[in-house]
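Chain by chain, the residues run as shown.
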Amino acid sequence: QVQLVESGGGLVEAGGSLRLSCAASGRTFSSYFMGWFRQAPGEERKFVAAITRNGDQTYYADSVKGRFTISRDNAKNTGYLQMNNLQPEDTAVYYCAAKDNIGWYTLANKYDYWGQGTQVTASS
């Protein structure tokens, strides 16, 4: 079992950048496939990015390709989401999540552990 805590959200102007962090408890972080999701008001929780256990493969939603970068540092039990060129449509609560395998990584209901979320607001 792992506990996840997001941080780094905030208010930024359109075109600005933020880096989100996901701190994981324990010494088992490297055992988990990790993803980031976001949820805007009135919308379902949507896939943003995912990364394999050792960081050798990354996956992105089309809407964030070229702007967001997912990474992880297993030695620090921390995952990251670097968000560049933020736009108003990126405004949402962002969640990190973990699962025990790579399968169906774009589906929120396939993840076993979730952080509490952090608000990201990009103003036009």
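One can find the structure itself at the top, above this paragraph.
Residues numbered from 1 in each chain as written. Predicted model: local features only at pLDDT ≥ 70, side-chain atom pairs only at ≥ 80, totals over all residues. Heavy atoms only, no water.

Trainee: I would appreciate a short explanation of the overall build of the protein chain in the present structure.
Mentor: Within the protein chain one finds 0 helices and 11 strands. Starting at the N terminus, the α and β elements of the protein chain follow one another as β-β-β-β-β-β-β-β-β-β-β. Computed over C-alpha atoms, the radius of gyration of the protein chain comes to 13 Å, within 12% of the 14 Å expected from 2.2 N^0.38 for 124 residues, which places it in the range of a compact globule. With the principal axes as the frame, the protein chain shows a C-alpha extent of 40 × 25 × 25 Å. The buried share among the 124 residues of the protein chain stands at 44%. In the protein chain, of all internal contacts separated by at least 6 residues, the share reaching a separation of at least 24 is 58%. Carbon and sulfur atoms provide 45% of the accessible area of the protein chain, an area that totals close to 6300 Å². Positive and negative side-chain charges in the protein chain, numbering 12 and 11 respectively, have mean positions lying 5 Å apart. (Helix = DSSP H or I, 4+ residues; strand = E, 2+ residues; numbered from the N terminus. Rg over C-alpha atoms; globule rule 2.2 N^0.38 Å. Buried < 20%, exposed > 50% of the residue type's maximum accessible area, 1.4 Å probe, protein only. Contact = heavy atoms within 4.5 Å. Areas by Shrake-Rupley, 256 points an atom, 1.4 Å probe, with all protein chains shown as cover. Lys, Arg positive; Asp, Glu negative; His and termini not counted. Charge placed at Lys NZ, Arg CZ, Asp CG, Glu CD.)

Trainee: For this particular structure, what's the right way to read the state of the cysteines?
Mentor: A covalent bond between the sulfur atoms of two cysteines is what we call a disulfide. Enumeration according to the criterion identifies 1 disulfide in this entry. Residue pairing for Cys 22: its cysteine sulfur links by disulfide to Cys 96, the two sulfurs lying 2.1 Å apart. Between Cys 22 and Cys 96, the S-S dihedral sits near 65 degrees, and the bridge is therefore right-handed. Of this pair, Cys 22 sits in strand S3 (residues 18-24) while Cys 96 sits in strand S9 (residues 92-99), placing them 74 residues apart in sequence. What makes Cys 22 buried here is its relative accessible area of 0%. By relative accessible area, which is 0% here, Cys 96 ends up buried. (Disulfide = S-S within 2.5 Å.)

Trainee: It is not clear to me how the nonpolar core should be interpreted in this structure. Could you clarify?
Mentor: By size, the foremost hydrophobic cluster in this structure holds 36 residues, and its most contacted members are Trp 36, Leu 81, Met 83 and Tyr 94. Elements with a minimum of two residues in this core: S3, strand S4 (33-39), strand S5 (46-51), strand S7 (68-73), strand S8 (78-83), S9 and strand S11 (118-123). Not counting residues within four places of it along the chain, the set of residues in contact with Tyr 94 comprises Glu 6, Leu 20, Phe 37, Arg 38, Val 48, Phe 68, Leu 81, Met 83, Gly 117, Thr 118 and Val 120. (Core = buried A, V, L, I, M, F, W, Y, C linked by side-chain atoms within 4.5 Å.)

Trainee: What exactly am I supposed to notice about the pairing of strand S1 (residues 4-7) here?
Mentor: Look at any regular strand and the pattern is simple: side chains alternate between the two faces of the sheet. Only one face of S1 is buried, namely the one carrying Leu 4 and Glu 6, since none of Val 5 and Ser 7 on the opposite face is buried. Judged from the 4 bridges that link them, S1 and S3 form a sheet pairing that is antiparallel. Considered in S3, the bridge of Leu 4 is made with Ala 24. (Pairing = 2+ DSSP bridges.)

Trainee: Just to check I follow, could you spell out the sheet that holds S1 for this structure?
Mentor: Whenever strands of a sheet pair, they do so through backbone hydrogen bonds, lying parallel or antiparallel. Read across the sheet, 4 strands follow the order S1-S3-S8-S7 without closing on themselves; strand pairing throughout is antiparallel. This sheet does not close on itself; its edge strands, each paired only once, are S1 and S7. For this sheet, the mean angle separating the axes of adjacent strands, direction not counted, is 15 degrees. (Axes fitted to C-alpha atoms, helices over the stretch in contact; angles between N-to-C directions.)

Trainee: What is the right way to look at the packing of aromatic side chains in this model?
Mentor: The description of two aromatic rings rests on the distance between their centres and on the angle between their planes. Within this structure, the stated rule accounts for 10 aromatic pairs. Ring centres 6.4 Å apart and planes at 35 degrees place the aromatic pair Phe 33 and Tyr 59 in the tilted group. Placement of the pair is Phe 33 in strand S4 and Tyr 59 in strand S6 (residues 58-60), with a sequence separation of 26 residues. By relative accessible area, which is 1% here, Phe 33 ends up buried. Considering the side-chain rings of Phe 33 and Tyr 105, the 5.8 Å spacing of their centres and the 40 degrees angle between planes classify their relative orientation as tilted. In this pair, Phe 33 is assigned in strand S4 and Tyr 105 in the loop between S9 and strand S10 (113-114), connecting sequence segments 72 residues apart. (Phe/Tyr/Trp six-rings, centres within 6.5 Å; stacked < 30°, edge-to-face > 60°.)

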